[in-house]
Amino acid sequence: MSPAITQVQLAASEVQLAANEASEHRPLIISLFAAFVIATLFITVWAGRQTKDAADFYAGGRQFSAFQNGLAVSGDYMSAASFLGIAGAIALFGYDGFLYSIGFLVAWLVALLLVAEPLRNSGRYTMGDVLAYRMRQRPVRTAAGTSTIVVSIFYLLAQMAGAGVLVSLLLGITSDAGKILIVALVGVLMIVYVSIGGMKGTTWVQMVKAVLLIGGTILITFLVLLKFNFNISDLLGTAAENSGKGAAFLEPGLQYGATGTTKLDFISLGIALVLGTAGLPHILIRFYTVPNAKAARKSVNWAIGIIGGFYLMTIALGFGAAALISQKEITDSNPSGNTAAPLLALHLGGVDSAWGAILLAVISAVAFATILAVVAGLTLASSSSFAHDIYANVIKKGKATEKEEVRAARLATIGIGAVSILLGSLARDLNVAGLVALAFAVAASANLPTILYSLFWKRFTTQGALWSIYGGLIVAVGLVLFSPVVSGDPKAMFPDVDFAWFPLKNPGIISIPFGFLMGWLGTVLSKEEPDTGKYAELEVRSLTGTGAH
Amino acid sequence: MATDAPPPSKSQPHLPTTEEFVEVQESAEFGELRRAHRSFAFPLTVGFISWYLLYVLLSNYAGGFMGTKLFGNINVALVFGLAQFLTTFLIAWWYERHSSSKLDPKAHAIKTRMEGGE
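All residue numbers here refer to positions counted from 1 along the written sequence of the relevant chain. Chains and ligands are labelled by the order in which they are written, letters from A for the one and numbers from 1 for the other. Only residues with pLDDT of 70 or above have their local features reported here, since the model is predicted, and side-chain atom pairs are shown and tallied only from 80 upward, although totals for entire chains, interfaces and linings are computed over all residues.

Identification of chain B as Membrane protein from Streptomyces flaveus is taken from an unreviewed UniProt entry.

Chain A carries the name Cation acetate symporter in an unreviewed UniProt entry, which gives Streptomyces flaveus as its organism. UniProt positions are given in the numbering used here, feature names are shortened, and annotations may be inferred rather than shown by experiment. Reading the Subcellular location (unreviewed entry) entry of the UniProt record for chain A gives the comment "Cell membrane".

Let us now look at the overall build of chain B. Of the regular secondary structure elements, chain B holds four helices and two strands. By residue count, 26% of the 118 residues in chain B fall in the buried class. Think of it this way: build a C-beta for each residue from its backbone, and any pair within 7 Å is a contact. Intrachain contacts of chain B at a sequence separation of at least 6 include 60% that bridge at least 24 residues. Put simply, DSSP marks the helices as runs of H or I at least four residues long and the strands as runs of E at least two long, and each gets a number from the N terminus on. Here the C-beta atoms are placed from the backbone, and a residue counts as buried if at least 20 other C-beta atoms lie within 10 Å of its own, exposed if 12 or fewer do, and partly exposed otherwise.

What follows deals with the overall build of chain A. When helices and strands are tallied, chain A shows 22 helices and zero strands. Relative to its length of 549 residues, chain A is compact, with a C-alpha radius of gyration of 23 Å against a globular reference of 24 Å. Overall, chain A is about 70 × 55 × 45 Å in size when its C-alpha atoms are taken along their principal axes. For chain A, the residues scored as buried account for 67% of the 549 residues in total. Within chain A, counting contacts between residues at least 6 apart in sequence, those at least 24 apart form 81% of the total. Here the radius of gyration uses the C-alpha set of atoms, whereas the globule reference equals 2.2 Å times the residue count to the power 0.38.

Okay, the interface of chain B and chain A next. Taken together, the contact between chain B and chain A spans 52 residues of the former and 51 residues of the latter. Those elements that provide at least two residues to the side of chain B that touches chain A are α1 (18-26), α2 (28-61), α3 (63-66), β2 (74-75) and α4 (76-116) of chain B. With 18 residues, the top contributor of residues to the side of chain B that touches chain A is α4 of chain B. Here the side of chain B that touches chain A is built from residues that sort into 30 nonpolar, 16 polar and six charged. Residue type decides the class: Asp, Glu, Lys and Arg count as charged, Ala, Val, Leu, Ile, Met, Phe, Trp, Tyr, Cys and Pro as nonpolar, and the leftover types, Gly among them, as polar.

Structurally, Thr146 of chain A can be placed in helix α9 (residues 137-171). Here the alpha-carbon distance between Thr146 of chain A and Leu473 of chain A, two residues 327 residues apart in the chain, equals 9.2 Å.

Take unusual backbone geometry next. All names here are of chain A. Positioned with a positive phi, Asn229 is a non-glycine residue whose angle comes to about 50°. Position of Asn229 among the secondary structure elements: in the loop between α10 (176-227) and α11 (232-243). Residue classification places Asn229 among the exposed positions, given that 8 C-beta atoms sit within 10 Å. Of note in this structure, Lys397 is not a glycine but carries a positive phi near 50°. Tracing the sequence through the fold places Lys397 in the loop between α17 (354-395) and α18 (402-424). Given 10 C-beta atoms within 10 Å, Lys397 falls into the exposed group.

Attention shifts here to the packing of helix α5 (residues 80-93) of chain A against helix α6 (residues 95-106) of chain A. Geometry is summarised by axes, namely lines fitted to C-alpha atoms with helices restricted to the contacting stretch, and by angles between N-to-C directions that run from 0 to 180 degrees. Look at α5 of chain A against α6 of chain A: their axes get within 6 Å of each other, and the N-to-C directions meet at 145°. From α5 of chain A, Ser82, Ile86, Ala89, Ile90 and Phe93 of chain A reach across to α6 of chain A, where they touch Asp96, Gly97, Phe98, Tyr100, Ser101 and Phe104 of chain A.

What follows covers α10 of chain A. Residues and elements named next belong to chain A. Taking 1.5 Å of rise per residue, 52 residues should cover 76 Å, yet α10 covers just 38 Å from first to last C-alpha, more than 12% shy of that figure. What we call the bend at a residue is the angle made by axes fitted to the seven residues finishing there and the seven residues starting there. Of all the bends in α10, the greatest, near 125°, is centred on Gly198. Directly after α10, the chain includes Asn229, whose backbone phi takes a positive value near 50°. Residue count minus one, scaled by 1.5 Å, sets the expected span of a helix.

Once that is clear, we can look at the confidence of the model for chain A. Looking at chain A, the pLDDT average stands at 89 and 94% of residues meet or exceed 70. For the stretch residues 1-20 of chain A, pLDDT sits under 50, and the model shows 21 contacts to residues farther than four places along the chain or on other chains. A score between 0 and 100, pLDDT records how confident the predictor is in each residue.

For helix α7 (residues 108-122) of chain A, built from 15 residues, the straight-helix expectation of 21 Å at 1.5 Å per residue is met to within 8% by its first-to-last C-alpha distance of 20 Å. The largest bend along α7 of chain A reaches roughly 50° and is located at Val115 of chain A, with the proline Pro118 of chain A sitting one to four residues downstream.

For the rest of this paragraph, the subject is the nonpolar core. Residue and element names in this part refer to chain A. Think of a nonpolar core as buried Ala, Val, Leu, Ile, Met, Phe, Trp, Tyr and Cys residues, each tied to the set through C-beta atoms within 7 Å. If you look at the biggest cluster of nonpolar residues, it comprises 235 residues, and the most contacted ones within it are Ala321, Leu344 and Val442. Sort the elements by how many residues they give to this core and α17 lands first, with 25 residues. Setting aside its immediate chain neighbours within four residues, Ala321 contacts Ala87, Ala91, Ile330, Ala340, Ala341, Leu343 and Leu344.

Rendered as structure tokens:
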């Protein structure tokens, strides 16, 4: 019997166990899911009625306040990978799970200090607006659109995989067909949110989700701390003991400390996390939803506060799960620990009590809301970029009307939704935080170098932009393809085959410097003169907001 | 320009010509704004990334040091991690203060003059 078959059978029987536990709570969970879906659909239709022109569809009319956008940015960023993945990683690997959240948070400073305000001042709807500002439009727009769509699809894949695992578990669905149906349902909902509600609808969905997620996390954190009389040392000690790993559970190294290669992998991951955020298209387009650069800056500040507070609480969730639930129960439920947070809710309320059932249902609904809001943001980013960068500026050479552009964006939403449903059902058992880290690596390798050079380097040319986008993109994706994430590992997407020759799971340590190098090399080797007039426009505009939309 | 300012009107403000942009870019006033931004943002970026990398490297290669218990079950690694949160909050606050006192007024003056269209 091949290892893969064994694994699938094991997983199925184990999910069955957990499913029985959850099945009696099913009506409650389903009604909370349905309540969220109905409420958000209502918002979507309302927002759709107010969406009249391209600025409404792409940028929500640019009328959100800094606080509203800060909340929506947080809603867009705190994905299922953060909520379920980090809590799960801490529950299984202790301290090493916590390392993710630090990179995810510190990364916001790059966005704050170097990217948010200049982007808001000089672009209109997409990341491509800024990258192509002083370059030859068609090739750079094509590159920016390609990279936006690739990064977003990577990220979507992670979210869809998480949705499949979580919802199937909570609803007690064990058949593969059932799981695929769940992924399809999530996909259809996100298509509806984005194509009807546009940025305005998506922003409101994200704000609602952020409030629910923060509320749910505060509740569970409070209950965990209450159990330990607010003695954090006691919580950590119990977690270490219950994990069976002792003091090592509270120290770095359980997940990444095994060999020289895993240590290098950790550095690679760390770099990708800290440099990736400011290159994530779905985050960048959020800065266009506020009236000006100052509001964009303030929304990042709000986001840093909200996201930082949230990650601090995930420490309590993760160690709480490790302290109160056996490792076996966590891995039985999901081999990567992705369901540790909902399990924790169940245990905090009492496994056989109504209170436990209610908590489980609430946290499950929060996780479901989280997934829906994030996939909507990602779909919006990729369909906006397709419509605005590729359709309007490349195919129609800038001559598309606003109506045509918005229609193209709506159609692209359906296409991207279909692709992600297909891919999402393929990658169900991967640790979702791991997949998101790959999206960060691609964003940091292809997008960030080009954004920074465009904004701050006078000599940067079209060729430099193309080399850095495609160079970073191809190397990052290529290395992932030949890494243990895809093949040659029991936890790989295709565990039965082995064409992995790149030893690291995260390509950042190679691909990010490569992206920067290619941008520089492409520039110094190009024959074209940089457009100094256009750079004057971009630079003055990016720092002062002169002529900003 | 308060954040609760009315939304920008759909009619475009006066858009300066490329020549005007070049002229402003070369002006001493704009040079000062650029310096005020870069001299703050660039070194600070290098600083917080180094500080973060130090943390990553220590986690990797100084397990013994990171595992040192300080009080109860709280070890150096945890305190170091929480310190990253703290510095992130502090830098965000510091940049906000710097921007609103040093950058916003300069930027606003240039923008108003250019869009006024002399």
